[in-house]
Structures are given as structure tokens and as C-alpha cells.
Amino acid sequence: MNLTRFDAQSAGIDEINAAMDEFGYVILDNAMSPAQAEAMRGELEPYFDARANCHAHFYGFNTKRIEALFAKSEMTRRMAVNPVVLAVTQHLLGANCDSFQVNLTQGIRINPGEKAQIIHPDSALFPMSNKPFEFQVNTIWPSSPFRRENGATQLVPGSHRWPEGRSPQPHEITCAEMDPGSVLVYAASLLHGGGANTTREARTGIVISYCLGWLRQAENQYLSYPPEVARTFDEQLQRLIGYNVHKPNLGWVHGHDPIDLLTMKEHGNAGAAEFLTDAQIKLLEDYHDSSPVALTSHNLQSA
């Protein structure tokens, strides 16, 4: 089965998004340079060396996992804000949230002898059946070559549109073979799983996933990156990890945008800031300035 892949530097975003809609995944080659991929590998290698293997059926018995990657690797911060990845994520999630956010970061090293992971959708993370739209988008950046023999991620193209509970047949499963510098982007509802490593070399990948901005994140970003750590990030990443207000008013601190906490902006005794959309503000202004109108949660939310 041929893989759906594009050159991240030259492909049009409309073409990429159309493939995402049809297949549930794309591979973007040349998403970062070989030098950047090597820098990322060097930053994270000491953490993999220090980490013991997992000991669980889903996470593996011969697999290492590390987390809170933005505090460990400057290069992963750049990967998280890759403009093509963010454009694809916006395409899949943007219609159902004011803004999306980082769900988790994780380094996964599948060591020789590890068995294949069960094929699964990551959308099961959020306990709601028959989700009406996509809740999450995942990326996997190879830190070492991904090959069928060493545990390359298994994918079931098109399964993001299957009814819940349908299992794939062997001929419907393919492997995301790719090299460092590429990135696999896929909908969380797509069936997938880590492959078996039958070689003598480890297979290492870096996961950065994004979810709707009004959902609870899988990895607690505020404890992973408390203010003294998050303050060293660029504002785009600060907002992506959750130091942000999701309109109309989710995530504020003392009535203000949490970005102000990072910039140490002083407010004195100022009142709460306004986080409503322009349309919602206009609705409230009309309500105050005109006859008594029933201001319901429905017309406020739909404004």
C-alpha cells in the first residue's frame, strides 16, 4: 500500500488537507533539516539513556517513554510550532474551538524484541462515544529511521471514518516508513499502533499531539512547564501549552489572560478583562442599550 506523503516545503496546504480528510493521515517530508533532526536527537538522548523500560501491556515491556519534552529540548519547541503542522491541525480542529492546544509530548523508543502494540484510536482518550467531530491531532517525528522491521507506526488509512468498533483486516494495515526530518500527522480517530521491532536497533519517535482548546490535556502542561519554565518559551508556544484564554472565558487567572502571569504584567486593582468575541460583545451591548431581550446561553454561544 502506497503511503500518502508530501514535501513540506513545496506542497500546497489545500492538497495536504484534502489528503488528511480522505486518508486520516499524511507524511510530510523535509519538515526539518537533517541538522535540526540530529540536534533534537542529541538533546533527548541523555533522557532516554536514563529512563527504564515501561512495564505495561499498552505501553510495552521493552519500550522507553519520556515526557515534558519542551523542558528537555529546544528543538522540540520549534517542532511544535511548525507552520504546516499547525495549518493541518487548524483544518481538522479549528471549526470546533476558538483555539487548539498541546495535548501531550512524549518520546517513544521501541527497543529490539518489543511486540506490536494493539491497533487503537487515540480519540478513546476522551470518554465520549460517536464523537461528532475530531477532538485531537497527533504528530510523530522520527528520531531514527522508521521501517516495518524496527517498529514503524502501523496505520489503517481511512479508518477515521469507520464506525466505532470495526477492526482492520491485515491487508488494510500499512506502516509509516520515514526518516528523520519527516513528520507523520494523523487524526486521533485513525486506527494505529506501534509496530514490532524485530531488528537489533531501537526505533525512536517524538510525539507532539494537539487537542481542542476546551478539553483537558492528557499531559498536565502547567505542572510540566510551570511559569518559571514557560516564561522561557516564545509566546506562541506558551499559548499552545495552555497559558491562554479560550473564548469566551476558559482558562483565565484572576480575571486576566495567563500570559500576563508570564510577562509579570501588573494590574493593580483593575477589573477582569474582556475575553468575549466581538460578536458576543456586540450582543451584550445591544442588550444593555435596548429593550429587555432574553439573553440566553444559546444566543450568547451562537453569536
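Below: a short report on this structure. Fair warning: this is a prediction, and the values are worked out from it, not measured in the lab.

Parameters at a glance
- Residues numbered from 1 in each chain as written.
- Predicted model: local features only at pLDDT ≥ 70, side-chain atom pairs only at ≥ 80, totals over all residues.
- Heavy atoms only, no water.
- Helix = DSSP H or I, 4+ residues; strand = E, 2+ residues; numbered from the N terminus.
- Buried < 20%, exposed > 50% of the residue type's maximum accessible area, 1.4 Å probe, protein only.
- Contact = heavy atoms within 4.5 Å.
- Areas by Shrake-Rupley, 256 points an atom, 1.4 Å probe, with all protein chains shown as cover.
- Pairing = 2+ DSSP bridges.
- Axes fitted to C-alpha atoms, helices over the stretch in contact; angles between N-to-C directions.
- Arc of directions from axis to C-beta.
- Phe/Tyr/Trp six-rings, centres within 6.5 Å; stacked < 30°, edge-to-face > 60°.
- Salt bridge = Lys/Arg side-chain N within 4 Å of Asp/Glu carboxyl O.

**Brief notes about the overall build of the chain**
Turning to step 1, where the next piece is worked out: Counting its secondary structure elements, the chain contains 10 helices and 10 strands.
Turning to step 2, where the next piece is worked out: Here the chain, with 303 residues, has 48% of them falling under the buried criterion.
Turning to step 3, where the next piece is worked out: Of the contacts made within the chain by residues no fewer than 6 positions apart, 75% connect residues no fewer than 24 positions apart.
Turning to step 4, where the next piece is worked out: Carbon and sulfur atoms make up 53% of the accessible area of the chain, which amounts to about 15,100 Å² in all.

**Brief notes about the sheet that holds strand β3 (residues 63-67)**
Turning to step 1, where the next piece is worked out: Strand order across the open sheet formed by seven strands is β1-β2-β8-β5-β10-β4-β3, with mixed pairing between neighbours. The sheet terminates laterally at β1 (5-7) and β3, the two strands that pair on one side only. Recorded for the sheet is a direction-independent mean angle of 25° between the axes of neighbouring strands.
Turning to step 2, where the next piece is worked out: Note: strand β2 (residues 25-29) against strand β8 (residues 183-187), four bridges, orientation antiparallel.

**Let's talk about the sheet that holds strand β7 (residues 174-175)**
Turning to step 1, where the next piece is worked out: Here we have three strands laid out as an open sheet, ordered β7-β6-β9, and antiparallel in their pairing. The strands lining the two open edges of the sheet, one partner per strand, are β7 and β9 (192-193).
Turning to step 2, where the next piece is worked out: Pairing of strand β6 (residues 154-155) with β9, which is carried by two bridges, proceeds in the antiparallel orientation. Across the sheet, Gln 154 pairs through a bridge with Gly 193, a residue of β9.

**With respect to the pairing of β3**
Turning to step 1, where the next piece is worked out: Here β3 lies mainly inside the structure; four of its five residues are buried.
Turning to step 2, where the next piece is worked out: Here β3 runs beside strand β4 (residues 100-110); their pairing, made up of five bridges, is antiparallel. When the sheet's bridge partners are listed, Thr 63 is paired in β4 with Ile 110.

**Observations regarding helix α1 (residues 13-23)**
An α-helical turn contains 3.6 residues, so any two residues separated by three or four positions project in the same direction.
Turning to step 1, where the next piece is worked out: Every buried residue of α1 is listed here: Ile 16, Asn 17, Ala 19 and Met 20. Buried residues along α1 cover an arc of 160° about the axis, so they all sit on one side.
Turning to step 2, where the next piece is worked out: Next to the buried residues of α1 lie β1, β2, α4 (83-93) and β8.
Turning to step 3, where the next piece is worked out: Gly 24, located one to two residues past α1, shows a positive phi value of around 85°.

**Description of the packing of aromatic side chains**
Turning to step 1, where the next piece is worked out: Following the criterion strictly, the structure yields nine aromatic pairs and no others.
Turning to step 2, where the next piece is worked out: For the ring pair Phe 58 and Tyr 59, a centre distance of 5.3 Å and an interplane angle of 85° mean the geometry is edge-to-face.
Turning to step 3, where the next piece is worked out: Take Phe 58: its relative accessible area is 35%, and that puts it in the partly exposed class.
Turning to step 4, where the next piece is worked out: Relative accessible area serves as the criterion here: at 42%, Tyr 59 is assigned to the partly exposed category.
Turning to step 5, where the next piece is worked out: Where Phe 133 meets Phe 135, the ring centres are 5.5 Å apart and the plane angle is 35°; that geometry is what we call tilted.

**Focus on the side chain of Gln 117**
Turning to step 1, where the next piece is worked out: Looking at the secondary structure, you find Gln 117 in the loop between β4 and β5 (136-142).
Turning to step 2, where the next piece is worked out: When its relative accessible area of 18% is taken as the criterion, Gln 117 is described as buried.
Turning to step 3, where the next piece is worked out: Residue contacts for Gln 117: discarding those within four places in its chain leaves Phe 58, Arg 65, Gln 154, Gly 193 and Gly 194.

**Focus: the pattern of salt bridges**
Turning to step 1, where the next piece is worked out: Scanning the entire structure with this criterion turns up 10 salt bridges.
Turning to step 2, where the next piece is worked out: The salt bridge involving Asp 179 is made with Arg 147; its shortest N-O contact spans 2.7 Å. Here Asp 179 is found in the loop between β7 and β8, whereas its partner Arg 147 is found in the loop between β5 and β6, with 32 residues between them in sequence.
Turning to step 3, where the next piece is worked out: With a relative accessible area of 35%, Asp 179 lands in the partly exposed category.
Turning to step 4, where the next piece is worked out: A salt bridge links Arg 239 to Glu 235; its shortest N-O distance comes to 2.9 Å. Remark: Glu 235 and Arg 239 occur in helix α7 (residues 235-240); sequence separation between them is four residues, near one turn of the helix.
Turning to step 5, where the next piece is worked out: Residue classification places Glu 235 among the partly exposed residues on the basis of a relative accessible area of 43%.
Turning to step 6, where the next piece is worked out: Overlapping salt bridges bring together Glu 38, Arg 41, Glu 45 and Arg 109 as one network.

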